[in-house]
There are 2 protein chains.
Amino acid sequence: MFSKTTEYSIRAIIYLALNNNSKLIGVSEMASELRFPEAFLGKVLQLLVKKQLVGSIKGPGGGFYLIDSTLNLTILNIVDSLEGLEFLDKCGLGLHSCNKNNPCPIHDEYKNVSINVKKALSAKSINEIKNEIENGKRPQSFHF
Amino acid sequence: MFSKTTEYSIRAIIYLALNNNSKLIGVSEMASELRFPEAFLGKVLQLLVKKQLVGSIKGPGGGFYLIDSTLNLTILNIVDSLEGLEFLDKCGLGLHSCNKNNPCPIHDEYKNVSINVKKALSAKSINEIKNEIENGKRPQSFHF
DNA sequence: ATATTACCGGACATTAGTGTCTTTTATTTA
DNA sequence: TAAATAAAAGACACTAATGTCCGGTAATAT
Ligand code: FES
Ligand code: FES
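1. Some details on the overall build of chain A
A count of helices and strands for chain A gives six helices and two strands. Tracing chain A from N to C terminus, the helices and strands come up as α-α-α-β-β-α-α-α. Dimensions of chain A along its principal axes, counting C-alpha atoms only, are 60 × 30 × 25 Å. Relative to its 144 residues, chain A shows a buried fraction of 47%. Sequence separation of 24 or more characterises 58% of the internal contacts of chain A that already satisfy a separation of 6 or more. Summed over its atoms, the accessible surface of chain A is roughly 7,200 Å², and 50% of this surface lies on carbon and sulfur atoms. Side chains of chain A carry 17 positive and 14 negative charges; the gap between the two charge centres is 1 Å.

2. Considerations on the domain arrangement of chain A
Residues and elements named next belong to chain A. For chain A, the assigned domains read domain 1 (1-72 + 125-144) and domain 2 (74-124). Relative to domain 2, the C-alpha centre of domain 1 lies at a distance of 26 Å. Tallying the contact residues gives 18 residues for domain 1 and 11 residues for domain 2. A combined buried area of about 1,300 Å² lies between domain 1 and domain 2, and 72% of that area is made up of carbon and sulfur atoms. Taken together, the connections running from domain 1 to domain 2 amount to one salt bridge.

3. So, the pairing of strand 1 (residues 54-57) of chain B
Residues and elements named next belong to chain B. With four bridges joining them, strand 1 and strand 2 (residues 63-66) adopt antiparallel strand pairing. In the sheet register, Ile-57 faces strand 2, and the bridge partner there is Gly-63. In this antiparallel pair of consecutive strands, strand 1 and strand 2, the connection spans five residues, and Gly-59 shows a positive phi of 85 degrees.

4. So, the protein's contact with DNA strand C
Around DNA strand C, the surrounding shell holds 26 residues, and the nearest of these are Lys-4 and Pro-60 of chain A together with Lys-43, Gln-46 and Ser-56 of chain B. Each atom of DNA strand C within 4 Å of the protein belongs either to a base or to sugar and phosphate, the latter forming 60%. Lys-58 of chain A is positioned with one of its side-chain polar atoms (N or O) 3.4 Å from a sugar or linking oxygen of DNA strand C. In this structure, a base nitrogen belonging to DNA strand C sits 2.9 Å away from a side-chain N or O atom of Gln-46 of chain B. Sorting the residues of the surface near DNA strand C by element identifies helix 1 (4-18) and helix 3 (38-50) of chain A together with helix 3 (38-50), strand 1 and strand 2 of chain B as the ones contributing at least two each. Among the residues making up the surface near DNA strand C, the classes are represented as 11 nonpolar, 10 polar and five charged.

5. Overview of the nonpolar core
Within soluble globular proteins, side chains that are nonpolar tend to cluster in buried spots. Membership of the largest hydrophobic core comes to 86 residues, with the highest contact counts inside it found for Met-30 of chain A together with Met-30 and Ile-75 of chain B. Residue contacts for Met-30 of chain B: discarding those within four places in its chain leaves Ala-12, Tyr-15, Leu-16, Ile-25, Arg-35, Leu-41 and Leu-45 of chain B.

6. Thoughts on the interface of chain A and chain B
It is common to report an interface's size as the accessible area lost on association of the parts. Each side of the interface is counted separately: chain A has 37 residues, and chain B has 37 residues. Considering only the surface of chain A that becomes buried against chain B, Leu-93, Pro-105 and Arg-138 of chain A emerge as the three largest contributors, covering 20% of it. We note a salt bridge from Lys-124 of chain A to Glu-109 of chain B, for which the minimum N-O separation is 3.7 Å. Linking chain A to chain B there are eight residue pairs in polar contact (both at pLDDT 80 or more). Mapped by element, the contributors of at least two residues to the side of chain A that touches chain B are helix 1 and helix 5 (107-122) of chain A. Looking at the side of chain A that touches chain B, the element that brings in the most residues is helix 5 of chain A, giving 10 residues. When the residues that make up the side of chain A that touches chain B are grouped by side-chain class, the tally is 21 nonpolar, 10 polar and six charged.

7. Re the protein's contact with DNA strand D
Lining the immediate surroundings of DNA strand D are 26 residues, of which Gly-26, Lys-43, Ser-56 and Pro-60 of chain A together with Lys-4 of chain B lie closest. Take Lys-43 of chain A: an N or O atom from its side chain is 2.8 Å from a base nitrogen of DNA strand D. Measuring from a phosphate oxygen of DNA strand D, one finds a side-chain N or O atom of Tyr-8 of chain B at 3.3 Å. Of all elements in the fold, only helix 3, strand 1 (54-57) and strand 2 (63-66) of chain A together with helix 1 (4-18) and helix 3 of chain B reach the threshold of two or more residues within the surface near DNA strand D. A class-by-class count of the residues in the surface near DNA strand D yields 11 nonpolar, 10 polar and five charged.

8. Things to note about the pattern of salt bridges
All names here are of chain A. All told, the structure shown has 16 salt bridges over all chains when counted by the stated rule. Ionic pairing is found between Lys-130 and Glu-134, a salt bridge with its closest N-O pair at 3.4 Å. Of this pair, Lys-130 and Glu-134 both sit in helix 6 (residues 126-134), four residues apart, which is roughly one turn of the helix. Residue classification places Glu-134 among the partly exposed residues on the basis of a relative accessible area of 45%.

9. Observations concerning unusual backbone geometry
All names here are of chain A. Even without a glycine there, the phi angle at Arg-35 is positive, about 60 degrees. Residue position: Arg-35 is located in the loop between helix 2 (27-34) and helix 3. In the Ramachandran plot, Gln-52 falls in the positive-phi region, its phi being about 65 degrees despite a non-glycine side chain. For Gln-52, the position within the fold is in the loop between helix 3 and strand 1.

Rules used in this analysis
- Residues numbered from 1 in each chain as written.
- Chains lettered and ligands numbered in written order.
- Predicted model: local features only at pLDDT ≥ 70, side-chain atom pairs only at ≥ 80, totals over all residues.
- Heavy atoms only, no water.
- Helix = DSSP H or I, 4+ residues; strand = E, 2+ residues; numbered from the N terminus.
- Buried < 20%, exposed > 50% of the residue type's maximum accessible area, 1.4 Å probe, protein only.
- Contact = heavy atoms within 4.5 Å.
- Areas by Shrake-Rupley, 256 points an atom, 1.4 Å probe, with all protein chains shown as cover.
- Lys, Arg positive; Asp, Glu negative; His and termini not counted.
- Charge placed at Lys NZ, Arg CZ, Asp CG, Glu CD.
- Domains from an automatic or database assignment.
- Buried area = accessible area lost by both parts, 1.4 Å probe.
- Salt bridge = Lys/Arg side-chain N within 4 Å of Asp/Glu carboxyl O.
- Pairing = 2+ DSSP bridges.
- Near = heavy atom within 4 Å.
- Polar contact = N/O pair within 3.5 Å; in protein donor to acceptor, adjacent residues only side chain to side chain.
- Nonpolar A, V, L, I, M, F, W, Y, C, P; charged D, E, K, R; others polar.
- Core = buried A, V, L, I, M, F, W, Y, C linked by side-chain atoms within 4.5 Å.

This is the structure:
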């Protein structure tokens, strides 16, 4: 569904949300916890810093932390920030444009797909996800 | 949603279904009608012949035609034949496996997405799609 | 028979995404 | 101030998908 960059981003942000207790998290720690390739995760985190979703501090004891406002975002917001939401309005069969005046054979049914994706990705904020995990409603180990 | 190979395949099959009146269709005709890169469409059609979804005849006046039984297939069947249906059971956040014992944060809502995709792709057979277009319920021009 | 047509098959080119490596920069600690 | 640490930045490598090209093969038509 998503590119590796977006996928790693979402899961890294959730990881940071779960470990937001004053201490910073380094790339190597995150990479080994999440089983992501370390150097690539480094690049991804750089991007998240540039997008202001995550903060970073250099030097000894440095690392990454979650920007407070990111806790209020949904996964949909994060995807939007990273690769945009155009994919939600694309035709399921790859036509140049998806619109009801020129509907492809699956247009009618496909609308529900887009709507459901949007719903699934915007149902909860990062903070709500964090709480679900901390309250044991969802396993901590979801990141493997 | 799909690879170009699968996308071109589906639309080529529908094109052949609409032009199944005894005369064969050449790659160049299809490519210019559907606005696909000709050489690549050639490769795709080769694959469809190998998968027995389409037939071909060489030489002057030769070209491609739809195998009768393909008319009874749904788009889901075609996708299955080309790239398999594993993508329907993948975790929306890219976890190694999607199952309810280790549900990721969007697992519950994401199930509906898979179900709807499956529904959208299996709602009609190629023959029913052909009829919809021929009866004007759906524009002929959907293939652009 | 021979030339023409059109699909087949294999090799090659291009691109975007993924992933790696090395150097630089900022910060802390000794 | 010097050494150590960790992120930033840029260059490079690998891969799979997409796309192109060309010689080979089968069928037709003259
Ligand atoms: S035109 Fe294809 S999904 Fe709308
Ligand atoms: S575990 Fe992620 S969608 Fe099921």
